[in-house]
Structure formats: C-alpha cells, structure tokens
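Per-entry structural report
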Amino acid sequence: MKVKVLCRNPDDYVRETTRDIQRVPRNYDPTLHPFEVPREYTRAMNATKLERVFAKPFVAALDGHRDAVNCMAKHPTSLSTLLSGSCDGEVKVWNLPTKKCVRTLQAHEGFVRGMCARFCGTSFFTVGDDKTIKQWKMEAPGYGEEEEPLNMILGKTVYTGIDHHQKEGVFATCGQQVDIWDEQRSSPIRSFTWGVDSVSCVRFNPVETELLASCASDRSIILYDMREATPLQKVIMNMRSNTLCWNPMEAYIFTCANEDYHLYTYDMRQLSMPIVMHSDHVSAVLDVDYSPTGKEFVSASFDKTIRIFPEKKSHSREVYHTKRMQHVICVKWSLDNKYIMTGSDEMNIRLWKANASEKLGLLTTREKQAQNYSQKLKQKFQHHPQIRRITRHRHLPREIYSQRKELHVMKEARRRKELNVRKHSKPGSIPYVSEKKKHVVAVVD
C-alpha cells in the first residue's frame, strides 16, 4: 500500500539570515505561466525608460589650461593618469580620481601638435611647432631639480604627429614625411614619402606592431610596413581624413575621421570600399578612438558633440553635448572601458561615462543580477516599436537638429537627381554605384 506524504525540508525555504532573499518554489513549466511574456514586456519597457531617466553621462571637467586643448595621450599602465597638450605649448599631467593637475611643464613654443607615452609608461614624447621632438620623464622632478627633457631632437620641418611602438624603443613622427626613429639615435632610421605635401597623423598598429597608417593632405590614407623600404598601399578619398585609429582587437581593421562629416571603417586587405560608413555628425570629424574591447569607438567633431558608434553599425548609439562645450578637438577612451575623455576649444578636458546610465561605484550582488536581467530583457524586446523608439530618442541642440534636416534634404535631392538622369538616359549607360564606393577615388599600390 502506497501512502502519499508531504515532506517539507526547512533548508528549502527558511532563510539563513534576515538579509537573505526569501526562497520561493517555482515551477518553470510554460503552460502554467500564460502571462509571462506580457509581464516581461512591461519590465523591459520600464527598464528602458529608467535607463533614459538615469542617463547622466557627464562626470567632471578638468580646468587649468590657458588655451585650447589640442592633443591628449593615455598612460599605458596607469588608469588614473592623463596627459594633455594645449595650443600655447603647455603640457599637463592629470590625476583623474582627484580631478587635479599634478604637473605642468612648458614643453614647446607654439602648438603642441602630438603626444604619446612610451609602451612601458616611464616617459612620454611631445612634438610641436618649434620643430622639436622632446622626451620627458613621466615622474615629476624631485625637490631642487629643474624641469628638463630627457632627450631633445631638433628637426628640419614642423612635426604634426607622433606615435610609439607597442613593444620596442621605436617611435614614428609625421610632417612633410613619415620618419621612423630609434630612441637612441638623433636621426631617423627610415623615412617614407609618397608624393604628398604633409602628413597630419600617424598610428602604429597595436596588434601587428610593424604596420603603420597615416592620413595625408592629398586626401589619401597610406599604409606602411617598417620592414619595407617603400609604403605598401594608399587609398585616395573624395575629401581629406583628419585622423585614424586601429582596432585593438582586429589587426586589419581601422577607422578614419573625414572632413565630409562621416567616419569610414576599412579592412586593410580590401581598400577599394569601406566596410561601414558611419554617418550622424553634421560637421567635420576631428578625432576618433577605439574602446579597448574593439567593439565600439568614439568620435569628436567640429559640431560640438561626441558620438559613440558600434563598430559594425552606421549610426551612433549615443551623443554627448553640453551648452559650454565648443569644437571638440581630441578624444580618448580609457583603458578600463568605463570613461571617455574629451579636449575642446574652450580650454576644458571633460570626463564622460562610456555607458550613460551606468551606476558608478561598487554594486551589490543583487544590483548586478538586476542589471543583467534588465539588459537581457531589453535585448529580447529591442525590436518592439515602443521600446526601440525610447531607446533611440536623444535630445539634440537646435542647430544640430536643423542642420541634420537640411543635410537630409540635400541627400534626397542628390538621390532624386540621379534617378532622373538614369531614367532619361540610355539603359545601362549610368551604372549603379553603392554609397560606400562613391567616396573612394582610387587605390594605388
């Protein structure tokens, strides 16, 4: 004979301490929960709305420069250190947690055109309008010591940019040509030229460390290999690129910031057409920097905003602006993937959160679990019209909003004209050209 008996084990439902969450037995059979999806949709909607409510990205402003901030550099080993150079030749070293300048030095006469830190973080390099390359100690001089550079190289022309090798004591400068320098020598070990007046930016590849790329004044992007005697390849675009940045996770991907209000992500193995054309800015894009994960990048523009783009998407997921921020000249993404630093025309460096609604500080286990659950819900219902509308909505300044409308009208007019010309021409005489290909003039090997 079988007798059914209820057996209750107190370990299954009694809390160990009063701070524990009450244990509730739950049957996960979907037939017993017919309203699960509507409930989850409501929770996803609330989580999306709360994300916009708590979106307060601005963290701090670092004030102290007496002229526009022209360039910045990240410390390779210290998250709390930031270097900045201004248009009056002054270089400042900042402590980000205390939001204070810990060191100021008069590095150059005229603009500080470029900065980079050595891969080990013991020193940093600056170039300026006074045709010099200077190497400085990262540590401040001791009591009674004078602020003097470790090394100084006097060049023949103005240098417009500098970048350091990721593993060796080698750095590259650009100006009238691209020069490769050894730290122990006062003359370049190799120089690259390819029929251009000036080169505005040079960047080492962080993965394939022998490769470099530069942006030149003839609207070209040039690729180099330090082991070769001549440049590898160049792509000529419709308008000039101001700067570029390599993806730190994918060796062959780089993104360039262009004067035509767009950013272009290229695969260096196939330069005839960009992979993605990123468009949201309404003025020239001046700087770009990748996140350490390589999944996103941030761009700074002359239209007084910064935008965060997913690497494979053509439109930005976030736009940051303030009433006082003027033309944003330089931007950096911190190495812990949490913050963004911007330097702008009105002498301020601003610190922003990379995720606008993220809570700063320590989180309890329950907070982390709630955040993860909300993220999954938003991901699950991201294509529902109401949730998508709330997620995408951003407030823009009136000038940018009206300029975007104007650019849209211009784009539609060009498209309409092309359709009319094709309609009234001989069939096949006017080929279809994709929007990405229209911006590339030629690829030269």
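Note that this is a predicted model, so its numbers are computed, not measured.

The rules we used
Residues numbered from 1 in each chain as written. Predicted model: local features only at pLDDT ≥ 70, side-chain atom pairs only at ≥ 80, totals over all residues. Heavy atoms only, no water. Pairing = 2+ DSSP bridges. Helix = DSSP H or I, 4+ residues; strand = E, 2+ residues; numbered from the N terminus. Axes fitted to C-alpha atoms, helices over the stretch in contact; angles between N-to-C directions. Salt bridge = Lys/Arg side-chain N within 4 Å of Asp/Glu carboxyl O. Buried < 20%, exposed > 50% of the residue type's maximum accessible area, 1.4 Å probe, protein only. UniProt positions renumbered as here; feature names shortened; annotations may be inferred. Parallel < 35°, antiparallel > 145°, perpendicular 65-115°, else oblique. Contact = heavy atoms within 4.5 Å. Patch = residues over 30% accessible without salt bridge, like charges linked within 9 Å, V, L, I, M, F, W, Y side chains within 5 Å. Areas by Shrake-Rupley, 256 points an atom, 1.4 Å probe, with all protein chains shown as cover. Lys, Arg positive; Asp, Glu negative; His and termini not counted. Charge placed at Lys NZ, Arg CZ, Asp CG, Glu CD.

Attention now goes to the sheet that holds strand 11 (residues 170-174). Strands belonging to one sheet form pairs held by backbone hydrogen bonds; the direction of such a pair is parallel or antiparallel. Taken together, 4 strands build an open sheet; the order of strands is 10-11-12-13 and the sheet is antiparallel. The open sheet has two edge strands with one neighbour each: strand 10 (161-164) and strand 13 (190-192). When strand polarity is set aside, the average angle formed by the axes of neighbouring strands in this sheet is 20°. Pairing geometry for strand 11 and strand 12 (residues 178-182), over 5 bridges, is antiparallel. Along strand 12, the bridge assignment pairs Cys-174 with Val-178.

The subject of this paragraph is the pattern of salt bridges. Within the structure shown, the criterion is met by 23 salt bridges. One salt bridge connects Glu-51 with Lys-378, and the closest N-O pair in it is separated by 3.4 Å. Highlighted residues: Glu-51 in helix 1 (residues 36-53) and Lys-378 in helix 2 (residues 365-380), separated in sequence by 327 residues. The closest approach of N and O atoms between Glu-90 and Arg-66, which form a salt bridge, is 2.8 Å. Here Glu-90 is found in strand 4 (residues 90-95), whereas its partner Arg-66 is found in the loop between strand 1 (58-63) and strand 2 (69-74), with 24 residues between them in sequence. Its relative accessible area of 6% is what places Glu-90 among the buried residues. What emerges from the salt-bridge pattern is a single network uniting Glu-418, Arg-422, Glu-435 and Lys-438.

This paragraph deals with the UniProt feature "repeat: WD" (unreviewed entry) in the protein. The feature "repeat: WD" (unreviewed entry), as given by UniProt, occupies residues 62-104, 278-309 and 321-362 in the numbering adopted here. Helix makes up 0% of residues 62-104 and strand makes up 58%, while its end C-alpha atoms are separated by 13 Å. For residues 321-362, the helix share is 0%, the strand share is 43%, and the end-to-end C-alpha distance is 27 Å.

Here we take up the UniProt feature "domain: Sof1-like protein" (unreviewed entry) in the protein. Residues given the UniProt feature "domain: Sof1-like protein" (unreviewed entry) here are residues 354-440. In residues 354-440, the share of helix is 57% and the share of strand is 1%. The end C-alpha atoms are 32 Å apart.

Below, the discussion takes up the packing of helix 1 against helix 2. As a packed pair, helix 1 and helix 2 sit with axes 9 Å apart at the nearest point and diverge in direction by 105°. The angle between the axes of helix 1 and helix 2 places the two elements in the roughly perpendicular class. On helix 2, the residues that touch Glu-40, Arg-43, Ala-44, Ala-47, Thr-48 and Glu-51 of helix 1 are Tyr-373, Ser-374, Leu-377, Lys-378 and Lys-380.

A cluster of acidic residues, Asp-11, Asp-12, Glu-16 and Asp-20, forms a negative patch on the protein surface. Take Asp-11: it is sitting in the segment before helix 1. Residue Asp-11 is classed as exposed on the basis of its relative accessible area, which comes to 55%.

Counting buried residues along strand 28 (residues 348-353), 6 of its 6 residues qualify, which places the element largely inside the surrounding structure. Where strand 1 and strand 28 come together, 5 bridges link them in antiparallel fashion. Bridging from a neighbouring strand, Leu-62 pairs with Ile-349 of strand 28. The pairing of strand 27 (residues 339-344) with strand 28 spans 5 bridges and is antiparallel. Looking at strand 28, one finds that Gly-343 is bridged to Ile-349. As consecutive antiparallel partners, strand 27 and strand 28 are separated by 3 residues, and within that stretch Met-347 has a phi angle of approximately 75°, a positive value.

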